[in-house]
Amino acid sequence: MTDRPNVLWIMADQLRFDYLSCYGHPHLHTPHIDALAARGVRFTNAYVQSPVCGPSRMSAYTGRYVRSHGSTWNGMPLRVGEPTLGDHLRDAGARAVLVGKTHMVADAEGMAWLGIDPASEIGVRRSECGFEPFERDDGLHPDSPRQNWSAYDDYLVAHGFESQNPWEDFANSGIDADGELMSAWLLKNSRLAANVPEEHSETAYMTDRAMAFMEEAAEDGRPWMCHLSYIKPHWPYIVPAPYHDMYDERHIIDPVRSDAERDTDHPLMAAYLDARVCRSFARDHVRSHVIPAYMGLIKQLDDNLGRLFAWMDDKGLSENTIIAFTSDHGDYMGDHWMGDKDFYHEMAVKVPLIIADPRPEANGTRGDVSDALVEMIDLAPTFMAAAGAEAKSHIIEGRDLTPVLHGRDGFSRRYVISEHDYQWSDMARALDVPQEDAHTKMIFDGRWKYVRCEGFPPILFDLESDPQELVDLGRSEDDAHIRVRARMEDALLTWGMQHHTRITATSGVLARQKKAAETGILIGFWDEEEYEAATGIAFADLTPHGKGN
């Protein structure tokens, strides 16, 4: 044990919080993740800053809200000057290394404007959210060319799985009863076994690559943070044998939804429900086909994490490594008649978060469950504190979770915020909403969840009386609900008015401004006597001539 532990930050993609046994799933048993919770703190109210991969991750990697970093949707570049967790850790002498997915898009125009070569050390870091890329893997679309950032395609070819697109043809396709190759991009093929042995699957490969990094890091000697970012259980929903048929219809939980939701007259929600992915997952036969594969992917992930944790124990790494496990957002899976993510019900915007801190200060909280309101942006300052990095409160908007991990006072939050830009979507086209208005914001205080829908009525849920979020009170004429909506709207306005772009306002800059205002700015003084009484400084000592001319 040292006073600067390493950090292993594990992030699954599109993993629902309630699809783990330690969060209450009755059929999907995840003993290795459960064991991590037993030696750490499990958070039950952790929320992402956007229910979409890209902006959620950019918030996690910067410790800043979406409105602050500006990367509002997938494919929106993170501006070249935006400070990241990797930058802050490097300033403290620690490595920040990526193994897996970021969904980062580089600000190529910004780098060109500043004359930064994308292939240079600075250019690579700016292109990878500040991380040192040990192995990046963001996945593909069916017709994409070979990846130019990951070695996984080359790995598959080297092991005999050769094609123009190995990621698609092997890791994300299956073979049907007639011997035909079937793509998992079609949901009907989700129950096939992936066309690759489990030990060569993407989840297993990235686990191996994390081990390879830790082996290398042991020789380097510097403290490190490894971001092990799995691409699954994100779609395409397909998993190798034996996980493909571990679960079936008997293990599927009934959907959370009501007829009133389906018959909504809220224009934006009606447009959501009419989007292709929601129409698809609203069908029971789609749910029954996809959910067993989704569960298999999570079971495979848990088994690989068990393999990783055992390896770390054997290498003596567990005793000096903080392990954090979370997800970038959830997945509707037909709940509320919806599919994919993109809105703010619990199964989309709330995520699992488990942090196991090996330091003695955390001995009293092992196995604790915290219901504190937590945001994904809180991870950055928590990891920075562990590495001994400067807090940088003028940049970081998250809050250090160390007090919770060590069982002491010092962490609190009144509400959590999440944001979504839907200008790209079926909803914006159906409603003819211009880009500048196609956004929503959620604020949740632990009971009331309020969604501001620009140009449309708000949405309000009372999770105390309606924990399944089936009744929208956004247009209720009840006086109590009117007051709640006004209070939540005011809280959003207060949050929006806070400083969020003043990232150059270091403590030194602010001190100089204060000193200048107190002693160097002479506007408003009538004479020498008034100046000296206000500042305690002799006017003759301040000016070259000692006179007011």
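Participant: Describe a negative patch on the surface, listing the residues and the values that go with them.
Facilitator: Judged by side-chain charge, Asp527, Glu528, Glu529, Glu530, Glu532 and Asp541 come together as a negatively charged surface patch. It is helix H20 (residues 528–535) that provides the largest number of residues to the negative patch, a total of 4 residues. Position of Glu532 relative to the elements: it lies in helix H20.

Participant: Help me get a handle on the packing of aromatic side chains, residues and values and all.
Facilitator: On inspection of all chains with the given rule, the structure shows 22 aromatic pairs. Relative to Tyr294, the ring of Tyr19 has its centre 5.3 Å away and its plane inclined at 70°; by these criteria the two rings are edge-to-face. Taken as a pair, Tyr19 in the loop between strand S1 (6–12) and helix H1 (31–38) and Tyr294 in helix H13 (residues 284–315) lie far apart in primary sequence, 275 residues in all. One exposure class covers both Tyr19 and Tyr294, and it is buried. Note on Tyr65 and Trp495: the rings are 5.2 Å apart at their centroids and 85° apart in plane angle, and the pair reads as edge-to-face. Residue Tyr65 is located in the loop between helix H2 (53–62) and helix H3 (66–69), and its partner Trp495 is located in helix H18 (residues 479–496); the two are separated by 430 residues in the primary sequence. Among the residues examined, Tyr65 registers a relative accessible area of 8% and is labelled buried.

Participant: I'd love a proper account of the sheet that holds strand S15 (residues 459–462), names of residues and values included.
Facilitator: Spatially, S12-S13-S14-S15 is the arrangement adopted by the 4 strands of the open sheet, whose pairing is antiparallel. Both outer strands of the open sheet, strand S12 (416–421) and S15, are each paired with one neighbouring strand and no more. Averaged over all pairs of adjacent strands, the angle between their axes in this sheet comes to 10°, without regard to strand direction. Here strand S14 (residues 448–453) runs beside S15; their pairing, made up of 4 bridges, is antiparallel. By the bridge assignment, Val451 is partnered in S15 with Ile459.

Participant: Talk me through the packing of H1 against H13; I want residue IDs and the actual numbers.
Facilitator: When two helices pack together, their arrangement is given by the angle between the helix axes and the distance between those axes. The interhelical angle for the contact between H1 and H13, taken along N-to-C directions, is 55°, at an axis separation of 7 Å. Taken together, the axes of H1 and H13 lie oblique to each other. Side by side, H1 and H13 meet where Pro31, His32, Ile33 and Leu36 of the first sit next to Lys299, Asp302, Asp303, Leu305, Gly306 and Phe309 of the second.

Conventions used here
- Residues numbered from 1 in each chain as written.
- Predicted model: local features only at pLDDT ≥ 70, side-chain atom pairs only at ≥ 80, totals over all residues.
- Heavy atoms only, no water.
- Patch = residues over 30% accessible without salt bridge, like charges linked within 9 Å, V, L, I, M, F, W, Y side chains within 5 Å.
- Areas by Shrake-Rupley, 256 points an atom, 1.4 Å probe, with all protein chains shown as cover.
- Salt bridge = Lys/Arg side-chain N within 4 Å of Asp/Glu carboxyl O.
- Lys, Arg positive; Asp, Glu negative; His and termini not counted.
- Charge placed at Lys NZ, Arg CZ, Asp CG, Glu CD.
- Helix = DSSP H or I, 4+ residues; strand = E, 2+ residues; numbered from the N terminus.
- Phe/Tyr/Trp six-rings, centres within 6.5 Å; stacked < 30°, edge-to-face > 60°.
- Buried < 20%, exposed > 50% of the residue type's maximum accessible area, 1.4 Å probe, protein only.
- Pairing = 2+ DSSP bridges.
- Axes fitted to C-alpha atoms, helices over the stretch in contact; angles between N-to-C directions.
- Parallel < 35°, antiparallel > 145°, perpendicular 65-115°, else oblique.
- Contact = heavy atoms within 4.5 Å.

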